[in-house]
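Examination of the molecular architecture
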Amino acid sequence: MKSNTKTPDDSGRYLLPLMEVASMIAMSRETLYRKIRQGLFPEPIKQGNRSFFEPADVQAYLAKLKRKH
């Protein structure tokens, strides 16, 4: 599978693809989508039929997890 570590959006920001984020936080794609639906993970940014995330949103989620432990 080809990995695009960063993808620019229309405004030039760099976004992380869903599968990379899932790997970073050690979750399956399905679990990640479940957490999004439950409001436990930030909403993705859609580009076509692909989902991307702001790196700052992912970092904030990880920091929140660290504070809980």
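Coordinates for the structure precede this section.
Summary of the structure given here. (Residues numbered from 1 in each chain as written. Predicted model: local features only at pLDDT ≥ 70, side-chain atom pairs only at ≥ 80, totals over all residues. Heavy atoms only, no water.)

1. Some points on the overall build of the protein
Rules: Starting at the N terminus, helices and strands are each numbered in turn, a helix being any DSSP run of H or I of at least four residues and a strand any DSSP run of E of at least two. Residue exposure (1.4 Å probe, protein chains only): buried if accessible area is under 20% of the type maximum, exposed if over 50%, otherwise partly exposed. Each accessible area is a Shrake-Rupley estimate made with a 1.4 Å probe; only the visible protein chains count as cover when residues are assessed.
Tallying secondary structure elements over the protein gives three helices and four strands in all. Secondary structure of the protein in N-to-C order comes out as β-β-α-α-β-β-α. In the protein, which comprises 69 residues, the proportion classed as buried is 29%. Summing over all exposed atoms, the protein offers an accessible surface of approximately 4900 Å²; the carbon and sulfur share of this is 52%.

2. A few points about the packing of aromatic side chains
Formally: Only Phe, Tyr and Trp rings are paired, with Trp represented by its six-membered ring, and only when their centres lie within 6.5 Å; those with planes under 30 degrees apart are stacked, over 60 edge-to-face, the remainder tilted.
Scanning the model with the defined rule gives two aromatic pairs in all. Look at Phe 41 and Phe 53: their rings are 5.4 Å apart centre to centre, the planes differ by 80°, and that puts the pair in the edge-to-face class. Of this pair, Phe 41 sits in the loop between helix H2 (29-37) and strand S3 (45-47) while Phe 53 is found in strand S4 (residues 50-53), placing the two residues twelve residues apart along the sequence. Across the pair, Phe 53 and Phe 41 agree in class, each one buried. Pairing Phe 41 with Tyr 61 gives two aromatic rings, centres 4.6 Å apart and planes at 65°, and the pair type is edge-to-face. Of this pair, Phe 41 sits in the loop between H2 and S3 while Tyr 61 sits in helix H3 (residues 55-68), placing them 20 residues apart in sequence. Each member of the pair, Phe 41 as well as Tyr 61, is classed as buried. Grouping aromatic residues by their ring pairs yields a cluster made of Phe 41, Phe 53 and Tyr 61.

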